[in-house]
There are 4 protein chains.
Amino acid sequence: MDFNVADLGLAAYGRKEIELAEHEMPGLMAMRERYGKEQPLAGARIAGSLHMTIQTAVLIETLAALGADIRWATCNIFSTQDHAAAAVVVGPPANGGTAEDPKGVPVFAWKGESLAEYWDEAEKVFDFTDEHGAESGPNMLLDDGGDITMLLHLGVEFEAAGAVPSQDSTDNEEFKEVLRVLARSLETDPQRWTRRAPLVKGVSEETTTGVLRLYERFKEGTLLFPAINVNDSVTKSKFDNKYGCRHSLVDGINRATDVMIGGKVAVVCGYGDVGKGSAESLRGQGARVIVTEIDPICALQAAMDGYEVRRLESVVETADIFITTTGNFDIITVEHFHKMKHQAIVGNIGHFDNEINMAGLAKIPGIVKDEIKPQVHQWIFDDGKKIIVLSEGRLLNLGNATGHPSFVMSNSFTNQVLAQIELFAKADDYELGVHVLPKHLDEEVARLHLDALGVELTELTKEQAAYLGVPVEGPYKSDHYRY
Amino acid sequence: MDFNVADLGLAAYGRKEIELAEHEMPGLMAMRERYGKEQPLAGARIAGSLHMTIQTAVLIETLAALGADIRWATCNIFSTQDHAAAAVVVGPPANGGTAEDPKGVPVFAWKGESLAEYWDEAEKVFDFTDEHGAESGPNMLLDDGGDITMLLHLGVEFEAAGAVPSQDSTDNEEFKEVLRVLARSLETDPQRWTRRAPLVKGVSEETTTGVLRLYERFKEGTLLFPAINVNDSVTKSKFDNKYGCRHSLVDGINRATDVMIGGKVAVVCGYGDVGKGSAESLRGQGARVIVTEIDPICALQAAMDGYEVRRLESVVETADIFITTTGNFDIITVEHFHKMKHQAIVGNIGHFDNEINMAGLAKIPGIVKDEIKPQVHQWIFDDGKKIIVLSEGRLLNLGNATGHPSFVMSNSFTNQVLAQIELFAKADDYELGVHVLPKHLDEEVARLHLDALGVELTELTKEQAAYLGVPVEGPYKSDHYRY
Amino acid sequence: MDFNVADLGLAAYGRKEIELAEHEMPGLMAMRERYGKEQPLAGARIAGSLHMTIQTAVLIETLAALGADIRWATCNIFSTQDHAAAAVVVGPPANGGTAEDPKGVPVFAWKGESLAEYWDEAEKVFDFTDEHGAESGPNMLLDDGGDITMLLHLGVEFEAAGAVPSQDSTDNEEFKEVLRVLARSLETDPQRWTRRAPLVKGVSEETTTGVLRLYERFKEGTLLFPAINVNDSVTKSKFDNKYGCRHSLVDGINRATDVMIGGKVAVVCGYGDVGKGSAESLRGQGARVIVTEIDPICALQAAMDGYEVRRLESVVETADIFITTTGNFDIITVEHFHKMKHQAIVGNIGHFDNEINMAGLAKIPGIVKDEIKPQVHQWIFDDGKKIIVLSEGRLLNLGNATGHPSFVMSNSFTNQVLAQIELFAKADDYELGVHVLPKHLDEEVARLHLDALGVELTELTKEQAAYLGVPVEGPYKSDHYRY
Amino acid sequence: MDFNVADLGLAAYGRKEIELAEHEMPGLMAMRERYGKEQPLAGARIAGSLHMTIQTAVLIETLAALGADIRWATCNIFSTQDHAAAAVVVGPPANGGTAEDPKGVPVFAWKGESLAEYWDEAEKVFDFTDEHGAESGPNMLLDDGGDITMLLHLGVEFEAAGAVPSQDSTDNEEFKEVLRVLARSLETDPQRWTRRAPLVKGVSEETTTGVLRLYERFKEGTLLFPAINVNDSVTKSKFDNKYGCRHSLVDGINRATDVMIGGKVAVVCGYGDVGKGSAESLRGQGARVIVTEIDPICALQAAMDGYEVRRLESVVETADIFITTTGNFDIITVEHFHKMKHQAIVGNIGHFDNEINMAGLAKIPGIVKDEIKPQVHQWIFDDGKKIIVLSEGRLLNLGNATGHPSFVMSNSFTNQVLAQIELFAKADDYELGVHVLPKHLDEEVARLHLDALGVELTELTKEQAAYLGVPVEGPYKSDHYRY
């Protein structure tokens, strides 16, 4: 689309999109209706780090409607929708904010940040003032991928150590920026993080990678506060990962390349929930999908679902499209790039950009990186072969399209709202550790999304409930049920 | 098929089918190869109750190959394949058994038992002789649906009470037979069950319903020995329930009715694993599938998978095919029968025949039950309307077809073998309760089935494994991972 | 299924199945209702040669209800359903026929004829008596594959030549039988066929192969009477070929082998209508389907539909299931058999058994043909490798299952009835040649099948019809429209 | 996508996209290779009217590479991709053109023309100069929808009549513009069209609507030159209509609305090739698709493919998405709009914008049309209900996305090139009328696209070809074969 958002007025345009999205997010709207009066988040100061999209705007404004004070950054340098950010900053019409006099929530994000800018902005979500106007920090974190949780934890550690490691200590370009930010902070305010950490009641974490980091910290004994693992709510992991990617994978590829997917051979690396949704997305367009897997159970599932399951080495020379979905690193290597066909398309919908060895690609002698349009590059090898890489190896559904659609995010984000309410009210009841929401809340999230799809739910009779040994109103399944 | 198995020689024909099935059951064959020398089940006396099919024959002969002494009944009056039973009784060719001098495993089952016969036969699996030729009982149970586990538990209870309730105390036709058998036993040998119970190290249970019963007994404090819940191994619940039913549902409908499924409206009651496989089975044939659900999460899944989700009441008058998959009871009621179209087809692939109110159907005034062929009946209403009921409401995939195919059962049954080995060797390590197999065994089961499908599994590098925090050789997922 | 049809009474059982099928064949029942009084086939003597199944029984009894005198053979040695044949012979209850005193239509077919028996029976459909009881022949042919049409044409030719070629003149086992029958006829009645040919007003032909033969005869100038090509009615070729095979392919494989199709690699040779339906059938069960094609357009369609398209040579060593759908010959050769995996499954759903080189297979040195059950054989190579061949290379859906289901055959057969009515009434209006039914009849056939599926058809307004330049009531498409 | 194409340089960006597309259009590139030296279009002056997209750019430059002189307009006011137009005007790098000194093909089209501008530009494609620099007209037309063919025919008619009807004689806004342009032309040059018509050897027409118009003209006896119906080449109608729409329908909806399609109820009006592709597109994303149809054959196909088939009236109140695919008019009426749900999405992928009664919508009392972004409007009813209409009722895949992808258009456009070569060389051999390309060319088009998809084509043996009665190298099917 070639419209000029500036002409429309960024914030006004964002507001229209937010209003459309509200209709598609019945779970969040139900939260506003149910808890709007009660204001369960009054007093909460939430630092958020999550893709700053239209859907997130509806989440932010729902948290605000429940009483929270909020500061927001993104968790990905490409995923911000500027019109969403602008509208959130101005605030909903009822608040009477304008571009000149915004009355919404402060947002520290724009599309296409540099890594340096990203971490500079991330730091800013920790700068609240309390109800008396004094400097303060957040008492709640809402994180996606764990970046701000890490920033806080490392800040505390480095302050305890009295020193931040040199940037030369790492090859990771991104981690250099983390160290730069924390070194600066140590210099200007050596207790900045140490003061803030005890204020935090807990964090609700959105995604697999972040949850993994939390479990590791907990195992190592370095976790500072309880966490709710939103990712593993069924209505999150089995919905946004699967159905969200089914939607947004082909959307991202289409917008980026306009290449016909039908008839092509597409390799999906990984057959977890994201991989399952990705494979279905491509198959739904008539691609022939080949799956790679390390886990024999998931590999067997892929085979039973009718997919060819191969090692990447076996098919890298003949496939047309390569999508990583693993949450692991170095899935697509320099050696793979060398063997790919001319105009092969490579993208990542897993988590970090290191699923694809972008650093290695850039170092191939004689290679030229040529931008076709933002977030779409052709890497030209010295023999003229071109490989098309989407979103520089970062999440293509966010970089090349608009991420998961509102309806599926309404499920995830309703879990987030419930987790924030739960943790803010009862953090003391939660032991240090990583927790999931109780099943009845998970079922409630699903229930809030049925009417919008015209679903009629059957009710158990008392006799049937007794026969199954479950309450008529649920929860209906044991905790280990897999759906 | 109209071949006359008698002409072929039942056992010889069964043996051929067993040999074909062995090729399709790589997991079981791997068990024989791996443990054949070691004989981990030497000394085990296994009482089994599980559909006596060709696949079960391969399971039985695998258990025997690992050293076990075995007696076998079925868990369903219609599901026995007589040629399978005959071949198991005669035994594998290597044993040198013949019809006159069988050297296999005693089997107490045939296709089309009455309920009375069923429970008479079930009792027989408890009559072992020990290594000295003395009367003994099993030291291991292998159950499907929990019938022999129940028989033993109730036997012990009634012997403790010194009395068995009168058959008039229940309306349930089947439970009357249980009471009859136990009353007879109490009269002839009042300590029969009390002597046997302490011999049992544990039970491995195959299916949801049986597992549910075990958890209830455990909760009530009446469970007598540890149980391994095979049903909830991923390679069982997510494979045999889903992919097995995808195969066997349309197979059963086709063999029973020869009706074109394409273009028809089919209602699948329940969208658990069995329902998911059933819906896919019917959709794969071009039916338009409508799902009914009580659980909002499963209902939302069905909607996201593109199915219409309605209450049965809303569609009962227009649908052509009705399949219950719930494990609950009274899903299809007399009222539903009254509203169905002429020549509607009704079948159950869930668990017990009470998913469909067969008793109520039989009591409709003026109704006539007319057999089209065994396991296929038309119930003729007094206005001439006919409803076709498959397998008298019992599992249609077993009654009208041959049940799940070998390959998927190889997954389930490899779990059974591993569970029997585990429990027999380490029962003392297991607390009283219901346990699942550890994930590395679950992954192993999957791994044993990959080669047969030509699957290439990718191996983690050490660096990747470290990045994920898992061993290179697995297990790869947390226990709560849902697949 | 192991029921003994004899116990049930063959004809009585067939009658029940016919009654069930009538409900599934709304097109044929509409023919009876519309034309029952008018008796448009009064005076017609129809010689039929078409698979003697339950569905054909409903066709035969529809033709009879419209006034025709009929004699019937089958067009395939394995496809006869004996209970269907028996019921047709006895006749519908209204006629008052019994096994002892049948009042139905003479049928010359049973399941499992030898080739000699097949051609002996085929000859018998030409022996009518006219209304005066004098010897006569049919005045209408209804053919499937063109066997009786060929018999008549060759009979005339050989009588004209005064000699029948020696059986040694051909290697084809089946053609030897044709020559035998015609030689016998020439000896006993040298003008038998010459007398009969001029009586015939025309033939309606059911299938691609038969139509091809008719076009060839017409091109060569040897066609004796006009033909209606029923095969190329849209409601035939795009329905029974495609949707019928979608149903009956997996049904046949399942009944024959009980092998899990999900996860397997299946090769479908040919991607015409039969191939399209076959590929969908296998994919619907979770197989990974590979297609072979000679026509670049069909090959491109297969690729765009997401199938891998390969030469058989490239995949013969790794695939599990091989299905021919081509109407051509020597698709699966001896060389292919040598390269196949142990327990590969081979079947044909195209037309003749020469799609698979069965003769070559039988001649492999050391090979043993072992019957697992009727129509299912394992061919054991001298190294122990077994290949499973269905229905001895003949149509597996008819040999191993019950053929296409009633509903789709109702479409094809309603075309047959309309073609018989048309030709019988207006044969003189038809030039010598091969004709298709006019499009408005094709649409009518479809229209008669919509209610049964609950389809609501939209009606054009007059303005819309004018805009499109078509009548409100159809036909709606140009003759070259491809659907 | 929010990149600013101006920043990139429109033409340079267009050139990059053209180079990517060339890889995806193997048929067109094969044309250049095969005919580049021969220059079969030398002397051809082609007036083209077809969506000015990247794919069309590759077509135009292919025609130019074969020697043609070309002038180009679009056939849709919204479908032009300005960067494609710019690049075509500048010309390929080899020509040495620049923005200041373009050396490509004149293009008269931009995204978002008014209707007046559209017809002013359309007229310009008729203004060639001949090889001597004298005023001349085209000798070949290449049309999509028949607009320039109509302009020429009406021009001749009005010049013969000496008058153009008044603009008041029609309610059709677009036809008013046609009359305006022709009235102006009559005034300034009363023989403009009469001089030009005899120069034209013929037209190749791309689409159903245009073909329909040609057949009508031919029937009425007013067609001025022979036409090749490219639309009905199999590699066009069964590929671009079906597979193209499968790709571009969800692409258009996604870019326009970002609404989750999964779980939604989508109505597809019409089940021709476009409808079939559209239904598959939506189903592939997990929507529940309902089809409306007027043709009983297509309706039965839809039902057999598992879709619900209803009248629009029956489902208009509950569906979420409405897509017209019919080529007819007034499919979605004002009454329908009144009954739709809040935030229902309405779009057209058929042909003209009158499939949806946009004029009627605009006249609803109190309705407000509000632009969300270009080509996406919400129509706000006076009760606050909003309906979202895509591309103002014009082709949404072109207006909201980038139209069919290159690969499928390569099929259609290779047919166009072959048709232009054929007509230009042999127009005299073609009788006045509407012709389709011979089947061997159709197969050739398919053949040119197989390698790109890794398809292995099987070759007939001589014996097999003889058996089928076809040449080894094709064509393989009769003309009436439906694919």
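Residues numbered from 1 in each chain as written. Chains lettered and ligands numbered in written order. Predicted model: local features only at pLDDT ≥ 70, side-chain atom pairs only at ≥ 80, totals over all residues. Heavy atoms only, no water.

Per an unreviewed UniProt entry, chain A goes by the name Adenosylhomocysteinase and belongs to Nocardioides oleivorans. Per UniProt, chain A has the following entry under Catalytic activity (unreviewed entry): "S-adenosyl-L-homocysteine + H2O = L-homocysteine + adenosine". According to the UniProt record, the Sequence similarities (unreviewed entry) comment for chain A is "Belongs to the adenosylhomocysteinase family." (UniProt positions renumbered as here; feature names shortened; annotations may be inferred.)

A. Just the overall build of chain A, in detail. Of the regular secondary structure elements, chain A holds 21 helices and 17 strands. Taken over the C-alpha trace, chain A has a radius of gyration of 23 Å; the compact-globule value for 483 residues is 23 Å, and the two agree within 12%. For chain A, the spread of C-alpha atoms along the three principal axes comes to 70 × 65 × 50 Å. For chain A, the proportion of its 483 residues judged to be buried stands at 66%. In chain A, the share of contacts with a sequence separation of at least 24, taken over all contacts with a separation of at least 6, comes to 72%. Surface accessibility of chain A: about 15,900 Å² in total, with carbon and sulfur atoms responsible for 52%. When the 45 positive and 73 negative side-chain charges of chain A are each reduced to one mean point, those points stand 3 Å apart. (Helix = DSSP H or I, 4+ residues; strand = E, 2+ residues; numbered from the N terminus. Rg over C-alpha atoms; globule rule 2.2 N^0.38 Å. Buried < 20%, exposed > 50% of the residue type's maximum accessible area, 1.4 Å probe, protein only. Contact = heavy atoms within 4.5 Å. Areas by Shrake-Rupley, 256 points an atom, 1.4 Å probe, with all protein chains shown as cover. Lys, Arg positive; Asp, Glu negative; His and termini not counted. Charge placed at Lys NZ, Arg CZ, Asp CG, Glu CD.)

B. Up close: the interface of chain A and chain B. Facing the 67 residues of chain A at the interface are 67 residues of chain B. Broken down residue by residue, the surface that chain A buries against chain B is led by Ile294(A), Glu456(A) and Arg482(A), which jointly contribute 14%. Viewed at the interface, chain B and chain A are joined by four salt bridges. In this structure, Arg310(A) engages Glu456(B) in a salt bridge whose closest nitrogen and oxygen atoms are separated by 3.0 Å. (Buried area = accessible area lost by both parts, 1.4 Å probe. Salt bridge = Lys/Arg side-chain N within 4 Å of Asp/Glu carboxyl O.)

C. Molecular detail of the interface of chain C and chain B. Contact with chain C, which involves 50 residues of that partner, is made by 51 residues of chain B. Taken together, the two surfaces of chain C and chain B that pack against each other cover about 4,800 Å², and 51% of this comes from carbon and sulfur. Taken together, chain C and chain B are joined by ten salt bridges. The residue Glu19(B) makes a salt bridge to Lys386(C) at a minimum N-O spacing of 3.8 Å. Counting every contact that joins chain C to chain B gives 18 residue pairs in polar contact (both at pLDDT 80 or more). Put simply, the parts of the chain that give the side of chain C that touches chain B at least two residues each are helix H2 (10-24), helix H12 (240-257), helix H13 (273-283), strand S14 (368-373), strand S16 (386-390) and helix H19 (406-426) of chain C. No other element matches the eight residues that H12(C) contributes to the side of chain C that touches chain B. Looking at the side of chain C that touches chain B, its residues break down into 18 nonpolar, 15 polar and 17 charged. (Polar contact = N/O pair within 3.5 Å; in protein donor to acceptor, adjacent residues only side chain to side chain. Nonpolar A, V, L, I, M, F, W, Y, C, P; charged D, E, K, R; others polar.)

D. Focus on the UniProt feature "domain: S-adenosyl-L-homocysteine hydrolase NAD binding" (unreviewed entry) in chain A. Mapped onto this structure's residue numbering, the UniProt feature "domain: S-adenosyl-L-homocysteine hydrolase NAD binding" (unreviewed entry) falls at residues 241-403 of chain A. Within residues 241-403 of chain A, the helical portion is 34% and the strand portion 23%, while the C-alpha atoms at the span's ends are 11 Å from each other.

E. Highlighting the packing of helix H12 (residues 240-257) of chain B against helix H13 (residues 273-283) of chain B. All names here are of chain B. Contact geometry of H12 with H13 gives a least axis separation of 7 Å together with a crossing angle of 50°. Here H12 is positioned oblique relative to H13, judged by the angle of their axes. In terms of crossing hand, the pair formed by H12 and H13 is right-handed. Only Asp273, Val274, Gly277, Ser278, Glu280, Ser281 and Leu282 of H13 make contact with H12, whose side of the interface consists of Asn241, Lys242, Cys245, Arg246, Leu249, Val250 and Ile253. (Axes fitted to C-alpha atoms, helices over the stretch in contact; angles between N-to-C directions. Parallel < 35°, antiparallel > 145°, perpendicular 65-115°, else oblique. Left-handed = near helix turned anticlockwise from the far one by under 90°.)

F. Looking closely at unusual backbone geometry. Cis geometry is adopted by the peptide bond preceding Pro475(A), which originates at Gly474(A) and carries an omega value of 0°. Note that Pro475(A) resides in the segment after helix H21 (462-468). A positive phi angle, near 65°, is found at Gln343(C), a position not held by glycine. Inspection of the secondary structure assignment puts Gln343(C) in the loop between helix H16 (334-339) and strand S13 (344-348).

G. Region of interest: the relation of the copies chain A and chain B. Once chain A has been moved 0.0 Å along the axis and rotated by 180°, it coincides with chain B to within an RMSD of 0.0 Å. Viewed as a symmetry operation, the transformation between the two copies matches a two-fold axis. Closest to the rotation axis within chain A is the C-alpha of Arg482(A), separated from it by 2.2 Å. The share of interface residues of chain A whose copies in chain B are also at the interface is 100%, consistent with both copies meeting through the same surface. (Least-squares fit on C-alpha atoms with pLDDT ≥ 70 in both.)

H. Broad picture of the packing of aromatic side chains. Following the criterion strictly, the structure yields 24 aromatic pairs over all chains and no others. Ring geometry for Tyr118(A) against Trp119(A): centres 5.1 Å apart, planes inclined by 80°, an arrangement best described as edge-to-face. Neither residue differs from the other here; Tyr118(A) and Trp119(A) are each classed as buried. On the numbers, 4.9 Å between centres and 40° between planes, the contact of Tyr467(A) with Phe329(B) is tilted. Taken together, the residues Tyr467(A) in helix H21 and Phe329(B) in the loop between strand S12 (321-324) and helix H16 (334-339) connect one chain to another. Directly above the aromatic system of Tyr307(A) lies the positively charged group of Arg283(A), at a separation of 3.9 Å from the ring centroid. One residue, Lys477(A), lies across the ring of Tyr481(A), its end atom 5.1 Å from the ring centre. (Phe/Tyr/Trp six-rings, centres within 6.5 Å; stacked < 30°, edge-to-face > 60°. Lys NZ or Arg CZ within 6 Å of the ring centre and 35° of its normal.)

I. Representation of the domain arrangement of chain A within the structure. Residue and element names in this part refer to chain A. Along its sequence, chain A is carved into domain 1 (4-200) and domain 2 (243-400). The C-alpha-based centres of domain 1 and domain 2 are spaced at 30 Å. Each partner contributes to the interface: domain 1 provides eleven residues, whereas domain 2 provides nine residues. Interface area for domain 1 against domain 2, summed over the two sides, is near 810 Å², with a carbon-plus-sulfur share of 60%. Of all residues in domain 1, Asn76, Phe78 and Lys111 give up the largest surface area on contact with domain 2, accounting jointly for 50% of the area buried on that side. Taken together, the connections running from domain 1 to domain 2 amount to one salt bridge. (Domains from an automatic or database assignment.)

J. The sheet that holds strand S11 (residues 308-309) of chain C, seen in detail. Here we have eight strands laid out as an open sheet, ordered S11-S10-S9-S12-S13-S16-S15-S14 (chain C), and mixed in their pairing. One side of each edge strand has no neighbouring strand; the edge strands of this open sheet are S11 and S14 of chain C. Sitting on the sheet, helix H2 (residues 10-24) of chain B is in contact with S14, strand S15 (376-380) and S16 of chain C, with an inclination near 105° to S14(C). Lying over the sheet, H13(C) contacts strand S9 (265-269) and strand S10 (288-292) of chain C, oriented at roughly 170° with respect to S9(C). (Pairing = 2+ DSSP bridges.)

K. Structural view of the packing of helix H4 (residues 54-65) of chain C against helix H5 (residues 82-90) of chain C. All names here are of chain C. Packing of H4 against H5 leaves a shortest axis separation of 8 Å and a crossing angle of 20°. When the axis of H4 is compared with that of H5, the two are roughly parallel. The element H4 and its partner H5 pack so that their crossing is right-handed. Counting all contacts with H4, which are made through Ile54, Ala57, Ile60 and Glu61, the residues of H5 involved are His83, Ala84, Ala87 and Val88. Among the residues making up the contact of H4 with H5, the classes are represented as six nonpolar, one polar and one charged.

L. Looking closely at the relation of the copies chain C and chain B. Under the fitted operation, chain C is carried onto chain B by 0.0 Å of movement along the axis and a turn of 180°, and the coordinates agree to an RMSD of 0.0 Å. A share of 100% of the interface residues of chain C reappears at the interface of chain B, consistent with the copies meeting face to face through the same patch.

M. The arrangement of the pattern of salt bridges in detail. Following the criterion strictly, the structure yields 152 salt bridges over all chains and no others. A salt bridge links Glu135(C) to Arg196(C); the shortest N-O distance between them is 3.3 Å. Of this pair, Glu135(C) sits in strand S5 (residues 135-136) while Arg196(C) sits in helix H9 (residues 192-196), placing them 61 residues apart in sequence. According to the relative accessible area criterion, Arg196(C) is buried, its value standing at 2%. Across the salt bridge formed by Arg310(C) and Glu308(C), the nearest N and O atoms sit 2.8 Å from each other. We classify Glu308(C) as buried; its relative accessible area is 8%. Via salt bridges that share partners, Asp120(A), Glu123(A), Asp127(A), Glu135(A), Glu177(A), Arg180(A), Arg184(A), Asp189(A), Arg192(A), Arg195(A) and Arg196(A) belong to a single interconnected network.

N. Structural context of the environment of Val211(B). All names here are of chain B. Along the chain, valine 211 falls in helix H10 (residues 208-220). A sequence separation of 54 residues divides valine 211 from glutamate 157, and the C-alpha atoms of the two residues are 20 Å apart. Contact partners of valine 211, with chain neighbours within four places excluded, come to Glu205, Asn229, Asn231 and Asp232.

O. Geometry of the sheet that holds strand S3 (residues 107-108) of chain A. All names here are of chain A. Spatial ordering of the open sheet is given by S3-S2-S1-S6-S7-S8-S17, a layout of seven strands whose pairing is parallel. Lying at the two open borders of the sheet, with one neighbouring strand each, are S3 and strand S17 (434-435). Where strand S8 (residues 227-229) meets S17, two bridges bridge the pair, whose relative direction is parallel. Within the sheet, the bridge partner assigned to alanine 227 lies in S17 and is valine 434. Along the sheet, helix H7 (residues 147-161) makes contact with strand S1 (45-49), strand S6 (140-143) and strand S7 (202-205), crossing S6 at roughly 130°.

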